[in-house]
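Here is how the chains run, residue by residue.
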Amino acid sequence: MIVSDMQTLIETLKANEEIARKLFDIEVSILSSDYSDDLFEKLIKLIKSSFNIPFAWLTLLKDSPIPDLSERFSNSYWLQQHLHHLESNQLSALESKGNQPLLSNSMEELSHLIPARYFGEVRSMAAVPLILDRVLVGAIMLGDNDAERYHPGLGTFHLEQLSVKASLCLSNVISRERLEYLATRDPLTGLLNRREMESHLQQELERCERYQASMSLLFIDCDRFKQINDQYGHDYGDAVLVHVAKGLNHLVRANDRVFRFAGDEFVVALANQSRYDARHVRQRVEAYFAANPLLMNRKLVPIRVTCGISAPSPEEATSVKELLREADHDLLRQKRLRDDRSDEAQGA
Ligand SMILES: Nc1nc2c(ncn2[C@@H]2O[C@H](COP(=O)(O)OP(=O)(O)OP(=O)(O)O)[C@@H](O)[C@H]2O)c(=O)[nH]1
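Counting restarts for each chain, with residues numbered from 1 along the sequence as it is written. Local features are withheld for residues below a pLDDT of 70 in this predicted model, meaning they are given only at 70 or higher, and side-chain atom pairs are given and counted only at 80 or more; totals for whole chains, interfaces and linings count all residues. Each side-chain value is derived from all of the structure's non-hydrogen atoms; neither hydrogens nor water enter the calculation.

**What to know about a negative patch on the surface**
So the rule is basically this: Excluding any residue in a salt bridge, patches collect residues exceeding 30% relative accessible area, merging like charges within 9 Å and nonpolar Val, Leu, Ile, Met, Phe, Trp and Tyr side chains within 5 Å. Method for areas: the Shrake-Rupley scheme with a 1.4 Å probe, in which residue coverage is limited to the protein chains shown. Only one rule defines a salt bridge in this text: a Lys or Arg side-chain nitrogen within 4 Å of an Asp or Glu carboxyl oxygen. When charges are counted, neither His nor the chain ends are considered; positive counts come from Lys and Arg and negative counts from Asp and Glu. To locate a charge, take NZ of a lysine, CZ of an arginine, CG of an aspartate or CD of a glutamate. The secondary structure listing takes helices from DSSP runs of H or I that are at least 4 residues long and strands from runs of E that are at least 2 residues long, numbered from the N terminus. Exposure is judged per residue with a 1.4 Å probe applied to protein chains only, and the accessible area is read against the type maximum: over 50% gives exposed, under 20% gives buried, and values in between give partly exposed.
On the surface, a cluster of negative charge is made up of Asp339, Asp340, Asp343 and Glu344. Structurally, aspartate 339 can be placed in helix H12 (residues 320-347). By relative accessible area, aspartate 339 is classed as partly exposed at 40%.

**Considerations on the sheet that holds strand S1 (residues 55-61)**
Hydrogen bonds between backbone groups are what pair the strands of a sheet, and the pairing can be parallel or antiparallel. The condition is simple: Only strands that DSSP links by at least two bridges are regarded as paired with each other. Helix axes are fitted only over the stretch in contact, all axes being lines through C-alpha atoms; the angle between N-to-C directions runs from 0 to 180 degrees. What makes two residues a contact is simply this: any of their non-hydrogen atoms within 4.5 Å.
One open sheet accounts for five strands, arranged S2-S1-S5-S4-S3; its pairing is mixed. Whereas interior strands pair on both sides, the edge strands pair on one side only; in this sheet they are strand S2 (83-86) and strand S3 (102-104). Going across the sheet, the axis of each strand differs from the next one's by a mean of 25°, ignoring polarity. In the sheet, S3 pairs with strand S4 (residues 124-132) via three bridges, with the strands oriented antiparallel. Across the sheet, the residue bridging to leucine 102 is alanine 127, located in S4. Relative to S4, helix H7 (residues 157-184) is tilted by about 40°, and along the sheet it contacts S3, S4 and strand S5 (135-144).

**Some points on the confidence of the model for the protein chain**
Going by this rule: pLDDT measures the predictor's confidence residue by residue and takes values from 0 up to 100.
Put simply, the protein chain has an average pLDDT of 91, and 97% of its residues get 70 or more. The ipTM for the predicted assembly is 0.96, set against a pTM of 0.75.

**Some points on unusual backbone geometry**
At asparagine 99, a residue that is not glycine, the phi angle is positive and equals roughly 55°. Even without glycine at this site, aspartate 133 takes up a positive phi of about 50°. Take aspartate 133: it is sitting in the loop between S4 and S5.

**A look at the side chain of glutamate 204**
Stated precisely, the cut-off is as follows: Definition of a polar contact: a pair of N or O atoms within 3.5 Å, with one able to donate and the other able to accept a hydrogen when the atoms are protein atoms, and with sequence-neighbouring residues admitted only if both atoms are side-chain atoms.
Residue position: glutamate 204 is located in helix H8 (residues 194-211). Judged by its relative accessible area of 9%, glutamate 204 is buried. Among the polar contacts listed, one links the side chain of glutamate 204 to the side chain of arginine 207, at a separation of 2.9 Å. Each residue touching glutamate 204, except ones within four places of it in the same chain, is listed here: Met215 and Ala271.

**Re the sheet that holds strand S11 (residues 305-310)**
Spatial ordering of the open sheet is given by S7-S8-S6-S11, a layout of four strands whose pairing is antiparallel. Two strands close off the open sheet at either side, each with one partner strand: strand S7 (257-262) and S11. Recorded for the sheet is a direction-independent mean angle of 25° between the axes of neighbouring strands. Summarising the sheet, strand S6 (residues 215-222) and S11 pair through six bridges and their orientation is antiparallel. What sits directly across from isoleucine 220, in S11, is cysteine 307. Where H8 meets the sheet, its contacts fall on S6, S7 and strand S8 (265-271), and the angle it forms with S7 comes to roughly 130°. Packed on one face of the sheet, helix H11 (residues 275-291) meets S6, S8 and S11 and runs near 170° to S11.

So this is what it looks like as structure tokens:
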């Protein structure tokens, strides 16, 4: 072997060592992530800065479990800017390579993999597969203005390492998120469960007491729900509960919280809203379901809900139990009022 070959070999070894060290540092850093939004943000920022990569983003397949699990994604502005959703078949270029990293500088062929804001700038790119439960769920995408940087003829050993390490870390955080989801959610509607409601209301009461702020609560019950189960069947009853949960989420503000209390009962905690505001929300909620029955298998299932309100006075300490009791009493009062009105209307 001549001296210049030796020299080249030593330089290649040094460069590989350097890359391996940087990948190790990235791995150590992302291992400390508890949640997927934090993992992806760290991962992409570190890859960009360690390897001086001008464009890097996260691609996720729409039907993978990650978008469903990670409500947190919608709260991360940074991730929103770096996330590109694809249809389930749009990473077939990776699948056909046995889920190995893909290098390309044929940008026209793979234009669907590039977010619109990078069009024309990315001239070569690498797709690093993310695998969860042995299934491809997305990819870390790296792009450069230089068409030669990710030339398809180059080796992908380091990108394979990155793929394995990132996928392992992803599997850890997703397992954690799944467990947390199961512990905090009602399995039918996906709403926060009663335990979460109690701790949220306790925190809200403490916040209101400390800052003399307002809050209010709606206790919502589906009227004659047993009749829906009996008349249409349990599947329709379940679908009504899911429909009500979605409707409530749609009707309230981002910092309000919707919980499934039990059976056909829901609780909405309205942050910074007085009893007066809550009355408006009640009207909105009751009118919404009256106008939006469930449509399932071409059958229309009418839905009527009644809401009870409670709102603690900012000056007086109260408990979660008391708050719920007051709302439940108001709910019964509202039902009685409505029944009286309907009796009167029938007698008239
Ligand atoms: N389909 C379905 N039914 C449920 C679920 N949880 C509770 N239920 C049923 O919900 C019904 C609630 O009945 P009730 O408490 O009498 O309520 P209601 O028929 O709405 O009566 P009012 O509130 O007085 O109008 C019961 O028959 C429960 O079996 C569920 O997850 N799915």
